[in-house]
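Each chain is listed here by its residues.
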Amino acid sequence: MNRILLYFVIIISSNLLGQNSKNIEIPTSNKKDTIINHFAYSVSYNHKFRQANWVAYQLTKKELIKIVDRADKFIPDPLIKGTDNAIDYKGSGFDRGHLAPAADMRFSEIAMKESFYFSNMTPQNPSFNRGIWNSLEEQTRKWTEKYDSLYIVAGPILSDSLSKIGIHQIAVPKYFFKVILDNRHKHPKAIAFLILNEGSKEDLQKFVLSVDELERITGYNFFSLLPDDIEIQIEKKSCYECWENN
DNA sequence: CTGCCCACC
DNA sequence: GGTGGGCAG
């Protein structure tokens, strides 16, 4: 993890989602990275590693209504140059894994289309993508049903030492993270996950860590637009038991 | 069984 | 576009 920590020494913060009054601030790691606010999600694209640093979006219970079917049409991000990454995944043995899940985007044709932009894709071990990562996505949708509205950030852990695939040398992350914030109540709560890019039979609880710990690993500063006392409180410890799992 | 994740043709 | 597979609920 040391190399990962070193890589993210330089941190540039942005008021990305804060501008949308969503009380959530996500930083990026490099001035050269491209930040785009799509209709359904925001993305920080890392050109060096040819994938997103993170994607962030709010998911509401209303958006879980299924208006459209899965599109399955992978296309370059029209707003980000250098995202024509189809050739690199082909035959690589890795899935074109969604960071923002297509199943979270069934409320809108536009959102569904956006979820298949290659800026939202990252090389995932098929067993990881279709297994534990999918489980976390499904759990997140259940939590959205229960808590009405959640803020979600997902991304890879990127570093120079990663192996690469394709002519564009797309980095294959060893880990992926997800952070979820419930900001509905007077006492908001957050939970973070860090999972190896491999199949796993373990319970999701095994991959829980505090937001503070994830911030140390990624170099990102999550939720910095929240009032300081609340931010400190919810980031200090992830309470899996606080999130009812059904 | 369906839904979601896909690859491949 | 279609077909087929793994996996979880």
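Above: the structure in question.
Bear in mind that the values here come from a model prediction, so they are computed numbers and not experimental data. (Residues numbered from 1 in each chain as written. Chains lettered and ligands numbered in written order. Predicted model: local features only at pLDDT ≥ 70, side-chain atom pairs only at ≥ 80, totals over all residues. Heavy atoms only, no water.)

Remarks on unusual backbone geometry
Rules: Put simply, DSSP H or I for four residues or longer makes a helix, DSSP E for two residues or longer makes a strand, and each gets a number counted from the N terminus. Using a 1.4 Å probe on the protein chains alone, a residue whose accessible area is under 20% of its type maximum counts as buried, one over 50% counts as exposed, and one in between counts as partly exposed.
Its identity is not glycine, yet aspartate 148 carries a phi of approximately 75°, on the positive side. Inspection of the secondary structure assignment puts aspartate 148 in the loop between helix H5 (132–147) and strand S6 (149–156). The partly exposed category is assigned to aspartate 148, whose relative accessible area is 34%. Positive phi, normally seen in glycine, also occurs at phenylalanine 223, with a value near 60°. For phenylalanine 223, the position within the fold is in the loop between helix H6 (211–218) and helix H7 (228–236). Residue phenylalanine 223 is classed as buried on the basis of its relative accessible area of 0%.

Let's talk about the protein's contact with DNA strand B
To keep things clear, this is the line we draw: We call a residue near a molecule or strand whenever a single non-hydrogen atom of that residue lies within 4 Å of it. Polar contact is defined as a pair of N or O atoms within 3.5 Å, subject to the rule that within protein one atom must be able to donate a hydrogen and the other to accept it, and that residues adjacent in sequence are counted only when both atoms are side-chain atoms.
With respect to spatial proximity, 17 residues lie near DNA strand B, and among them Arg70, Arg96, His98, Arg106 and Asn129 are the closest. Near the protein, within 4 Å, the atoms of DNA strand B are sugar or phosphate in 88% of cases. Contacts to DNA strand B include lysine 66, whose side-chain N or O atom sits 3.3 Å from a phosphate oxygen. One of the side-chain nitrogen or oxygen atoms of arginine 96 is found 2.4 Å away from a phosphate oxygen of DNA strand B. Counting residues per element, the ones that place at least two in the surface near DNA strand B are strand S4 (95–98), helix H4 (126–130) and H5.

Focus: the state of the cysteines
To keep it simple, the criterion reads: Two cysteine sulfur atoms make up a disulfide if the distance between them is within 2.5 Å.
Inspection of every chain in the model, using the stated rule, returns one disulfide. Covalently, cysteine 239 is tied to cysteine 242 through a disulfide, its sulfur atoms 2.2 Å apart. The chirality of the disulfide connecting cysteine 239 with cysteine 242 is right-handed, given an S-S dihedral of about 90°.

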